[in-house]
Amino acid sequence: MMIDLALLPLYLTTVVALLLIPGPDMLLIASSSLSYGRKVGVYASFGNATSGLILTLLAAMGVSAIITMNPMALEVLRILGGAYLLKMGWDCIRSSAAEAPEIEQQNNLAKLLYRRAVVSNLLNPKALIFFVLFLPQFVSTQLTASSGEQMLALGLLLNVMGLAFNLLLVALVGTVGKPLLKNEKFRTYQNKFMGVIFFVLAIWLLASQVQNIS
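Here goes a summary of the coordinates provided. This is a predicted model, so every value here is computed, not measured.

**Description of the environment of Leu 123**
Relative to the elements of secondary structure, Leu 123 occurs in the loop between helix H6 (106-122) and helix H7 (125-134). Relative accessible area serves as the criterion here: at 17%, Leu 123 is assigned to the buried category. Sequence-wise, Leu 123 and Tyr 84 are 39 residues apart; in three dimensions their C-alpha atoms are separated by 8.6 Å.

What follows is the structure in structure tokens.
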């Protein structure tokens, strides 16, 4: 057993509460679903899950704890993450109306949003700190499994629940936004809309004080 069943109900309740709190990941996934359709939103969700798996592995191996003890490393991550989001926002803003993606371009667009979701989350030091501070609280001394093994199991469960939640969000937002994708005026500005979202995410990250979280 790699998860303490006595702690599991509290863990599941806490995860659900955390998933319901709006954050950068939710904003990116919802906006990509609204702007480009459910397929792109699904890919963005899997991109977020991929970064979550990577962070889970880093936390289980203790690498993330080492990084979070270095304020300079966190600041570098914060600046790189903010700069990356600003670049994505600028690329979207400066694109012309003629570059609004057609339906047949969704495959390429979905892959692009997948990569962006992975990188933006990995470059967010708050996500790294979250795994370092949150998962250890549910590591039990009553189990024979090591703390690393327990954190791996807890992280995998968190990622599965997060992916399920995000896919549900995509289904809801994608359904609501479907008529917009057929609106020519909206299609003209959909890249601009995503550009604004990326700028908001960049400001969100750059304005935060990572040291205060740790």
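**A closer look at the environment of Leu 158**
Note on placement: Leu 158 falls in helix H8 (residues 147-181). Given a relative accessible area of 10%, Leu 158 falls into the buried group. Note: C-alpha distance between Leu 158 and Phe 134 (24 residues apart in sequence) is 11 Å. Once residues lying within four places of it in the same chain are set aside, the contact partners of Leu 158 are Tyr 11, Val 15, Phe 130 and Phe 131.

**Here we look at empty space enclosed by the protein**
Here the structure, examined in full by the defined rule, presents 2 cavities of 30 Å³ or more. By volume, the second largest cavity amounts to about 40 Å³. Around the second largest cavity sit Asp 25, Leu 28, Ile 29, Ala 44, Asn 48, Ala 117 and Ser 120, which together line it. Only helix H2 (24-36), helix H3 (38-61) and H6 provide two or more residues apiece to the lining of the second largest cavity. The leading source of residues in the lining of the second largest cavity is H2, at 3 residues.

**Examining the nonpolar core**
Tyr 11, Val 15, Phe 131, Phe 134, Leu 135 and Leu 154 are the most contacted members of the largest nonpolar core, which totals 21 residues. Among the secondary structure elements, those contributing two or more residues to this core are helix H1 (8-20), H3, helix H5 (71-94), H7 and H8. Among the nonpolar cores identified, the runner-up in size contains 16 residues, and Val 40, Met 88, Leu 109 and Met 194 belong to it.

**A few points about the environment of Val 40**
One can find Val 40 in helix H3. Residue classification places Val 40 among the buried residues on the basis of a relative accessible area of 0%.

**Details of the packing of aromatic side chains**
Counting across every chain of the model gives 5 aromatic pairs. These aromatic residues form a ring-pair network of at least three members: Tyr 11, Phe 130, Phe 131, Phe 134 and Phe 138.

Rules and cut-offs
Residues numbered from 1 in each chain as written. Predicted model: local features only at pLDDT ≥ 70, side-chain atom pairs only at ≥ 80, totals over all residues. Heavy atoms only, no water. Helix = DSSP H or I, 4+ residues; strand = E, 2+ residues; numbered from the N terminus. Buried < 20%, exposed > 50% of the residue type's maximum accessible area, 1.4 Å probe, protein only. Contact = heavy atoms within 4.5 Å. 1 Å grid on protein atoms, 1.4 Å probe; cavity = no way out; pocket = protein on both sides within 12 Å on 5 of 7 lines; lining within 4 Å. Points joined across faces, edges and corners; volume = space filled by probe spheres on them. Core = buried A, V, L, I, M, F, W, Y, C linked by side-chain atoms within 4.5 Å. Phe/Tyr/Trp six-rings, centres within 6.5 Å; stacked < 30°, edge-to-face > 60°.

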